[in-house]
Amino acid sequence: MSGLEYLSEWPRVRSAFAPDPAIEARVAGILGQMTLEEKLGQMIQPELAELTVEDAREYKIGSALNGAGIWPDGDRRADVKRWVETVDAYWEAVEDAYRDRPFRVPFMWATDAVHGHNNVHGATIFPHNIGLGAARDPGLVRRIGEATAREIAATGMDWTFAPTVTTPRDRRWGRHYEGYSEDPEVVRAYAGAMVTGLQGGTTGLAGDTRVISTIKHWIADGATADGVDRGVARCPEDLLRNIHAHGFLSGIEAGAQAVMASFSGWENPANYDHSPGGATPYNHKVHGSRYLLTDVLKNAVGFDGIVISDWDAHAEVAGCDIGDAGYAINAGMDVLMVAGRDAWRSVWRTARDQVVAGIIPMSRIDDAVTRVLRVKMRAGLWDKPRPRDRSLAGDASVLGHAGHRALSREAVRKSLVLLKNDGGVLPLSPGARVLVAGGAADDISKQAGGWTISWQGHDVDLSDLPGATTLAMAVREVTGEERCRVDPYLEDADPRDYDVAVVAIGEDSYAEMRGTIKPWGTVEYAALKRSYARDLSTLRRLREAGVPVVTVMFTGRPLYVTEEINLSDAFVVAWLPGTEGGGVTDVLFAGPDGAARHDFQGRLTFGWPRGRRSMSVNRIPPHIPGYRVPPEEQAPEGEHAPLFPYGHGLSLRDTAPVGHLPPDPVRPEPPAPPVTGPLEVFGARAGGAYVMRTGGHNTWSREDLSLEGPTSTLIVRSRPVDHPGGGPALSLDFQGHIAFVYAEHAGGRPADLRGHSEAGGSLAFDVRVAEPPELPMYLCCHDDFPGQPGVDVAPLLRGLPRGEWRTVTVPLAELERAGTRLRHVDVPFMLYTEGRARLDVAEVRWPAG
């Protein structure tokens, strides 16, 4: 790592891809022959589940993508040939669409390959970025990019939305693990290396074993207040440049051909409304920021590639909606990633109408399409054969190649950070009798994290990841079956029968908002979920038994684990290492001769929290003169001074004991406020305090459910229906994808509802079942399932008579026993399922006991 230069203004960046007059002439020649409709086809990027081959032909679609958890024919285990066949069919359709034109524009396919080709069965899964950052090895990252590109190419795809070059500043953010470091020093070094690995430089990109790289998410998504996903950053522009831009500048310099904008906003006077006087004032969202997208990124920095939106993110810009992206296009958006079929067709039609009306200048359309064509030419798409005829296409041996898995295992080894090794308990003898415990001991989803096969990654098991090795499996490989016992919660084993306990603890898998800790939460591991508290209880029992304890933590962020560290003789942070559990045991265990096989070399790229409320203890950036901690962050001093600072990490040669670490005192909760009556959520007496919404796999923007007419999304379709009581009711048709239907406070304000439980209250709703849930359906009163659990009401709903209104009542005490916390509730009702169901819902309330 090298020191960073302070940027007093936005620098002009010289890309590895110098302007090529021949390419520019070819682009201009094609652009001059294209109709408006053909140009708009290049600007729309639908999703596989919402795009037919016929659509691609009719609209001459320029690119498409597969979102996390969307596979050919819905088959999560689709093999490499199925992927190639799918991509090839769309490519051929677009070729066919141009057959009667004097030119052609090749189609390209994009995917979210963020830690390997992670959405494809059999692919190599690499550690998430937070672990790679700890390795402090840009060359390793470049090699991972090369391997990932080969696996993407094997499926016939052209483009990946990676790397993420965010600089996370708040541990509560659910995308924290997607960042390499809280400091731009590491981010800058890694961004260019990963781009080079994926694209292969100026000569490699035109070949068929490399792919187009996207750096994301422009800009400051890691700086939002309270770590809120898609929230608002308020940092001054000086910090925008000097903390949050370095990864982008490095990636552009290396030749990145795409930049994805951030869902978040930047609240600053410089972020002006480019079309004032509209019905709704501009709301500072980056997707609508002409200043950040055009004035800074395109004009000042000089980026000449594609600026692409995030999933349906244009809909969050004031002045836009799901079917109208005009304001975002005028801000500088070149390609709109729009999931739903109705939505992307509406965006296409609306943009056409706005160009005709003069609302969107044709010059803006031409700029966007010029950029798309330029990138396609640099990627050699006019010269590459159809996807199925490319050199790696359909080659199953490329996915999960032994060399790629060895590289992933190397990355795991190098990313491990040793925080404690008192008494020199590590490395362990391969002949030791080892008890493997902890909730993460044999759980591949905890080990791999989000964006693994599915969006959240929480539903993944070993059958989804062929060849994967959990930590427990890896320990068995070292010790032999007879000397290893796996008992996560000490239900059968006697710890005194073993020489050492290896305890794996860690967060459940999550992605994006589902992993974000609410502003009123803390970063105390054992307080986040009851299952995490059970890990702490396991460590206490092992300490009482007197067995040496080595704790390995799988996590997407530094968390408060002071007691867990104190209960351990050695403590190792493994981050989210992926599928190669052997990379952990490579360092935990000595070789047959008793000597260490590998030493710990990982170093923290995030400070480790001293207290439960140390949310954003960050390194003071040494390259920024006179740096002042912004109001959204905590000065790294006093109670927020890091327990272990940025750059910390022990090796096996370090013999000084860590000893007992002082715990952060527990602060008692205030008493619950008294209950004055029932809580009316949705119904005749609700009064509009709560809004019914849906969210899930393909509606990350969380759409409101209309009481005036139908609402149609990929995951849920709803319409208003009559209820005998005369109040509003909704018919809900769950389509078989991850789906939430919930009531949320209109102002997003949480309430302390513990008093309802203390008074013996319940959560009740009227329901009329048309088709009962085919899979579990969870009743919850929060908005972060599976962050907090719910109660499965599917068996109850299956037992109700079809077509008749009935009342379902669940005691709040039952929800609390499942792990629900009622101190801060902004969503007092939610139904969650991943399967199909049809039912009507009305009169949601919390009646008194």
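Further up the page is the structure itself.
Residue numbers here run from 1 along each chain, matching the order of that chain's written sequence. At least 70 in pLDDT is required for a residue's local features to be given in this predicted model, at least 80 for side-chain atom pairs to be given and counted, and no such filter applies to totals for whole chains, interfaces and linings, which use all residues. As a rule here, side-chain values cover all heavy atoms of the structure and leave hydrogens and water aside.

Caption draft 1: Structural detail: empty space enclosed by the protein. Points on a 1 Å grid, built from protein atoms alone, make a cavity when a 1.4 Å probe fits but cannot get out and make a pocket when they are open with protein on both sides within 12 Å along at least 5 of 7 lines; residues with an atom within 4 Å of a point are the lining residues. Grid points are joined across faces, edges and corners, and a volume is the space filled by probe spheres set on the points. In total, this model carries nine cavities of 30 Å³ or more according to the counting rule given. Considering only enclosed or pocket space, the largest cavity measures out at about 150 Å³ in volume. If you go around the largest cavity, you meet 19 residues; those closest to its centre are Ala113, Val114, His115, Asn129 and Ala162. Counting from the N terminus, the helices are the DSSP runs of H or I reaching at least four residues and the strands are the DSSP runs of E reaching at least two. Of all the secondary-structure elements, those providing two or more residues to the lining of the largest cavity are helix 5 (129–135), helix 6 (138–154) and helix 7 (184–199). Any residue outside Ala, Val, Leu, Ile, Met, Phe, Trp, Tyr, Cys, Pro, Asp, Glu, Lys and Arg is labelled polar, Gly included; the first ten of those are nonpolar and the last four are charged. The residue makeup of the lining of the largest cavity, split by class, is 12 nonpolar, six polar and one charged. Size it by volume and the second largest cavity reaches roughly 90 Å³. Considering the residues around the second largest cavity, the lining is formed by Arg169, Asp170, Ala223, Thr224, Cys235, Leu239, Ile243, His244, Tyr627, Pro630, Glu632 and Glu633.

Caption draft 2: Representation of the packing of aromatic side chains within the structure. Aromatic rings from Phe, Tyr and Trp, with only the six-membered ring used for Trp, were paired whenever their centres fell within 6.5 Å, and each pair was classed as stacked if the ring planes differed by under 30 degrees, edge-to-face if by over 60, and tilted otherwise. All chains considered together, the criterion is met by 19 aromatic pairs. Residues Trp10 and Trp218 carry aromatic rings whose centres are separated by 6.1 Å and whose planes lie at 50 degrees to one another, so their mutual orientation is tilted. Taken together, the residues span a long stretch of sequence, with Trp10 in the segment before helix 1 (21–31) and Trp218 in strand 5 (residues 212–218) at a distance of 208 residues. When the centroid spacing of 6.5 Å and the interplanar angle of 65 degrees are considered together, the rings of Tyr272 and Tyr291 count as edge-to-face. Highlighted residues: Tyr272 in the loop between strand 8 (265–266) and helix 11 (290–300) and Tyr291 in helix 11, separated in sequence by 19 residues.

Caption draft 3: The arrangement of unusual backbone geometry in detail. The omega angle of the peptide bond from Ala162 to Pro163 is 5 degrees, so this bond is cis rather than trans. For Pro163, the position within the fold is in the loop between strand 4 (159–160) and helix 7. The amide bond that connects Leu426 to the next residue, Pro427, takes the cis arrangement and shows omega of 0 degrees. Inspection of the secondary structure puts Pro427 in the loop between strand 11 (417–421) and strand 12 (434–437). Phi is positive for Leu490, which is not a glycine, with a value near 55 degrees. When you line up the elements, Leu490 lands in the loop between strand 13 (484–486) and strand 14 (500–506). The residue Trp575 is not glycine, and still its phi comes out positive at about 55 degrees. Here Trp575 lies in strand 16 (residues 570–575). Note on Trp575: relative accessible area 0%, which makes it buried. Summary of the burial criterion: residues with accessible area below 20% of their type's maximum are buried, those above 50% are exposed, and those between are partly exposed, where the area comes from a 1.4 Å probe applied to protein chains only.

Caption draft 4: Up close: the nonpolar core. By size, the foremost hydrophobic cluster in this structure holds 174 residues, and its most contacted members are Trp10, Trp218, Ile365, Leu419 and Trp608. Residue contacts are defined here by distance: any two heavy atoms, one from each residue, within 4.5 Å place the two residues in contact. Beyond its immediate stretch of four places on either side in the chain, Ile365 contacts Leu36, Lys39, Leu40, Met43, Ile329, Val355 and Ile360. Counting 40 residues, the second largest nonpolar core, distinct from the first, contains Val769, Leu797, Val844 and Trp846. What is meant by a nonpolar core is a set of buried Ala, Val, Leu, Ile, Met, Phe, Trp, Tyr and Cys residues, joined one to another through side-chain atoms within 4.5 Å.

Caption draft 5: Spatial organisation of the sheet that holds strand 7 (residues 258–261). Pairing within the open sheet is parallel, and its six strands lie in the order 2-3-4-5-7-9. Strands with a single pairing partner mark the edges of an open sheet, and in this sheet they are strand 2 (63–66) and strand 9 (306–308). Here a strand pair is declared whenever DSSP counts at least two bridges between the two strands. Pairing analysis gives four bridges linking strand 2 to strand 3 (residues 108–111), with the strands arranged parallel. Looking across to strand 3, one finds that Ser63 is bridged to Met108.

Caption draft 6: Fine view of the pattern of salt bridges. We define a salt bridge as a contact between a side-chain nitrogen of Lys or Arg and a carboxyl oxygen of Asp or Glu at a distance within 4 Å. Counting across every chain of the model gives 72 salt bridges. In this structure, the salt-bridge partner of Arg77 is Asp464, at a minimum N-O distance of 3.2 Å. Pair noted here: Arg77 is in the loop between strand 2 and helix 4 (80–97) and Asp464 is in the loop between helix 16 (444–448) and helix 17 (471–479), with a separation of 387 residues, a long-range link. What makes Arg77 partly exposed here is its relative accessible area of 38%. Exposure remark for Asp464: the relative accessible area of 2% places this residue in the buried category. For Arg352, the salt bridge is made with Asp353, and the minimal N-O distance between the two is 3.7 Å. Members of the salt-bridge network, linked through shared partners, are Arg57, Asp88, Glu92, Asp96, Arg99, Arg386 and Arg388.

Caption draft 7: Layout of the environment of Ala18. One can find Ala18 in the segment before helix 1. A residue is classified by how much of its surface remains accessible, and Ala18, at 51% relative accessible area, is exposed. Placed 286 residues apart in sequence, Ala18 and Asp304 show a C-alpha to C-alpha distance of 10.0 Å.

Caption draft 8: Spotlight on the pairing of strand 15 (residues 549–554). Here strand 15 lies mainly inside the structure; six of its six residues are buried. Every second residue of strand 15 is oriented toward a common face, with Val549, Thr551 and Met553 on one face and Val550, Val552 and Phe554 on the other, all of them buried. Examined bridge by bridge, strand 14 and strand 15 share six bridges and lie parallel to one another. Of the residues in strand 15, the one forming a bridge with Val502 is Val550. Judged from the five bridges that link them, strand 15 and strand 16 form a sheet pairing that is parallel.

Caption draft 9: Fine view of helix 1. When helix 1 is considered as a whole, its buried residues turn out to be Ile23, Val27, Ile30 and Leu31. One face of helix 1 carries all of its buried residues, which in axial projection span an arc of 100 degrees. Exposed side of helix 1, more than 90 degrees from the buried face: Pro21 and Ala25 are the residues found there. On its buried side, helix 1 packs onto helix 2 (36–43) and helix 14 (362–378). Two N or O atoms form a polar contact when they lie within 3.5 Å of each other; inside protein one atom must be a possible hydrogen donor and the other a possible acceptor, and for residues adjacent in sequence the pair counts only when both atoms belong to side chains. Where helix 1 begins, the capping side chain belongs to Asp20, and its oxygen is found 2.9 Å from the backbone nitrogen of Ala22. To be clear, the arc concerns the directions from the helix axis to the C-beta atoms.

Caption draft 10: Broad picture of the sheet that holds strand 12. Spatial ordering of the open sheet is given by 11-16-15-14-12-13, a layout of six strands whose pairing is mixed. With one partner strand each, in any of the chains shown, strand 11 and strand 13 form the two edges of the open sheet. Going across the sheet, the axis of each strand differs from the next one's by a mean of 15 degrees, ignoring polarity. Only C-alpha atoms enter the line fits that serve as axes; for helices the fit covers just the stretch in contact. Angles between N-to-C directions range over 0 to 180 degrees. In the packing of helix 19 (residues 530–545) onto the sheet, the strands contacted are strand 12, strand 14 and strand 15, and the crossing angle to strand 14 comes to about 165 degrees.

Caption draft 11: Layout of the packing of helix 2 against helix 14. Two elements in contact, helix 2 and helix 14, have axes separated by 9 Å at closest approach and are oriented at 60 degrees. Judged by the angle between their axes, helix 2 and helix 14 are oblique. Classified by chirality, the crossing of helix 14 by helix 2 is left-handed. In this structure, helix 2 contributes Leu36, Lys39, Leu40, Gln42 and Met43 to the contact, and helix 14 contributes Met362, Ile365, Asp366, Ala368, Val369, Val372, Leu373 and Lys376. Partitioning the contact of helix 2 with helix 14 into residue classes produces nine nonpolar, one polar and three charged. In these notes the angle categories are as follows: under 35 degrees is roughly parallel, over 145 is roughly antiparallel, 65 to 115 is roughly perpendicular, and the rest is oblique. We call a crossing left-handed when the near helix sits turned anticlockwise from the far one by less than a right angle, and right-handed when that turn is clockwise.

Caption draft 12: Focus on the packing of helix 6 against helix 7. With their axes 7 Å apart at the nearest point, helix 6 and helix 7 run at an angle of 30 degrees to one another. When the axis of helix 6 is compared with that of helix 7, the two are roughly parallel. Note that helix 6 runs across helix 7; the crossing there is right-handed. Packed against helix 6, whose contacting residues are Pro138, Val141, Arg142, Ile144, Gly145, Glu146, Thr148 and Ala149, the element helix 7 presents Ala189, Tyr190, Ala193, Met194, Thr196, Gly197 and Leu198 at the interface.

Caption draft 13: Focus on helix 15 (residues 402–415). For a helix, the expected span equals 1.5 Å multiplied by the residue count minus one. With 14 residues, helix 15 extends 20 Å between its outermost C-alpha atoms, agreeing within 8% with the 20 Å of an ideal straight helix rising 1.5 Å per residue. Across the 14 residues of helix 15, 10 count as buried, placing the element largely inside the fold. Contact partners of the buried residues in helix 15: helix 5, helix 6, strand 11, strand 16 and helix 21 (582–588).

Caption draft 14: Quick peek at the environment of Val425. Here Val425 shows up in the loop between strand 11 and strand 12. Note: C-alpha distance between Val425 and Asp569 (144 residues apart in sequence) is 6.8 Å.

Caption draft 15: Structural detail: the side chain of Gln257. Structurally, Gln257 can be placed in the loop between helix 10 (246–253) and strand 7. Judged by relative accessible area, Gln257 falls into the buried class, the value being 1%. If we skip the residues at most four places from it in the chain, Gln257 touches Phe17, Gln199, Leu205, Ile212, Ser213, Phe303, Gly305, Ile306, Val375 and Arg378.

Without other data, these values stay purely geometric and don't point to any function.
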